[in-house]
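Structure at a glance
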Amino acid sequence: MNTLDAIAALPDGAITSPAARRNADAILGVLRAHLPARGSVLEIASGSGEHATVFASALPGLDWTPSDPSAEARASISAWRAQAGAPSLGAPLALDASDEATWPDQTYDAVFCANMTHISPWSATEGLMRLAGARLRRPGGLLVLYGPYREADQPLAASNQAFDDSLRARDPAWGLRDREAVQALARTHDLAATRRVQMPANNLMLLFRRL
């Protein structure tokens, strides 16, 4: 189950998230298997920044650029970045996936996004797909999504149903997305679904390649 876990602020301005600590190793295993050994990665909705520091430290051949529209999140990312001392981890961008004016101009070998599609309106997922279609290297650039999804051919776990109910109670525009709808949206931006990876706690990693 993916939850909106309580977060804690540390004295240096960093925010720590139990969920990020729990799932980092499992996500890293998939990233290590599919990302290129060298290249550039843009992370969307980096949140606390704990994922970014773990992945950039473990994958030093990749220039890892975190981003988040929240100033509080970017301050946390900067604090974790200072602690990690990973030379390949860039400064966080003030990027909102749904606002093209905030997108960087460069292209990337990969775009990574964890736990955003369900804790945001559908317009954010639409923006993410537009961004990936426009900024991923073509052909072959990789889009990686992580989080819980609904699937037509799979019963929804009780924990994920409870999580979905809690999200929609907080904001009717939030909620678990249908994997098929996400893949259909990706196709409209020349992003082909290539792999579905079952992850712990009823989460998935969805991989797409830029055509």
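All of the points below concern the structure found in this document. In this text the structure is predicted, and so the values were computed from the model without any measurement.

1. Let's talk about the side chain of H51
Looking at the element boundaries, H51 is found in helix α2 (residues 50-58). Assessed through its relative accessible area of 8%, H51 is described here as buried. With residues near it in sequence (within four places) discarded, H51 still touches A20, N23, A24, I27, E43 and A114.

2. Focus: empty space enclosed by the protein
Tallied over the full model, the rule gives one cavity of 30 Å³ or more. As a volume, the largest cavity reaches approximately 40 Å³. If you go around the largest cavity, the residues you meet are C113, N115, M116, T117, H118, L145, Y146, G147 and Y149. Top contributing element to the lining of the largest cavity by residue count: strand β6 (residues 142-147), with three residues. Of the residues in the lining of the largest cavity, the class split is five nonpolar, four polar and no charged.

3. Observations concerning helix α6 (residues 179-187)
Three or more residues of α6 are buried, namely R179, V182, Q183, L185 and A186. Projected down its long axis, α6 carries its buried residues within an arc of 160 degrees, all on one side.

4. Quick notes on the pattern of salt bridges
Counted by the stated rule, this structure contains nine salt bridges. The partner of E151 in a salt bridge is R196, and the shortest N-O contact between them spans 2.6 Å. Of this pair, E151 sits in the loop between β7 (149-150) and α5 (158-170) while R196 is found in strand β9 (residues 191-199), placing the two residues 45 residues apart along the sequence. E151 sits in the buried class, given a relative accessible area of 13%. Of the charged contacts in the structure, one is a salt bridge between R179 and D153, with a shortest N-O distance of 3.9 Å. Here R179, found in helix α6, pairs with D153, found in the loop between β7 and α5; they are 26 residues apart in sequence, far enough to count as distant. Judged by its relative accessible area of 54%, D153 falls in the exposed class.

5. Examining the packing of aromatic side chains
For any two aromatic rings, the description comes down to two numbers: the centre-to-centre distance and the angle of the planes. Per the counting criterion, the structure on display carries three aromatic pairs. Judged by centre distance (5.7 Å) and plane angle (85 degrees), the ring pair of F55 and F112 falls under edge-to-face. Of the two residues, F55 is situated in helix α2 and F112 in strand β5 (residues 110-114); the sequence distance between them amounts to 57 residues. Each member of the pair F55 and F112 is classed as buried. What links up through ring pairs into an aromatic cluster is the set F55, W64 and F112.

6. Things to note about the packing of α2 against helix α3 (residues 71-84)
Think of two packed helices as two axes; the pair is described by the angle between the axes and how far apart they sit. One way to put it is that α2 packs onto α3 with a least axis distance of 8 Å and a crossing angle of 30 degrees. Relative to α3, the element α2 is oriented roughly parallel. As for how α2 packs across α3, the hand of that crossing is right-handed. Where α2 approaches α3, its residues E50, T53 and S57 are matched on the opposing element by W80, R81 and A84. Classifying every residue of the contact of α2 with α3 gives two nonpolar, two polar and two charged.

7. Quick word on the side chain of S88
Relative to the helices and strands, S88 resides in the loop between α3 and β5. For S88, a relative accessible area of 9% gives the class buried. At 3.4 Å, the side chain of S88 and the backbone oxygen of A56 are in polar contact. If near-sequence neighbours (up to four positions away) are discounted, S88 is found in contact with A56, L59, P60, L62, D63 and W64.

What counts, and at which threshold
Residues numbered from 1 in each chain as written. Predicted model: local features only at pLDDT ≥ 70, side-chain atom pairs only at ≥ 80, totals over all residues. Heavy atoms only, no water. Helix = DSSP H or I, 4+ residues; strand = E, 2+ residues; numbered from the N terminus. Buried < 20%, exposed > 50% of the residue type's maximum accessible area, 1.4 Å probe, protein only. Contact = heavy atoms within 4.5 Å. 1 Å grid on protein atoms, 1.4 Å probe; cavity = no way out; pocket = protein on both sides within 12 Å on 5 of 7 lines; lining within 4 Å. Points joined across faces, edges and corners; volume = space filled by probe spheres on them. Nonpolar A, V, L, I, M, F, W, Y, C, P; charged D, E, K, R; others polar. Arc of directions from axis to C-beta. Salt bridge = Lys/Arg side-chain N within 4 Å of Asp/Glu carboxyl O. Phe/Tyr/Trp six-rings, centres within 6.5 Å; stacked < 30°, edge-to-face > 60°. Axes fitted to C-alpha atoms, helices over the stretch in contact; angles between N-to-C directions. Parallel < 35°, antiparallel > 145°, perpendicular 65-115°, else oblique. Left-handed = near helix turned anticlockwise from the far one by under 90°. Polar contact = N/O pair within 3.5 Å; in protein donor to acceptor, adjacent residues only side chain to side chain.

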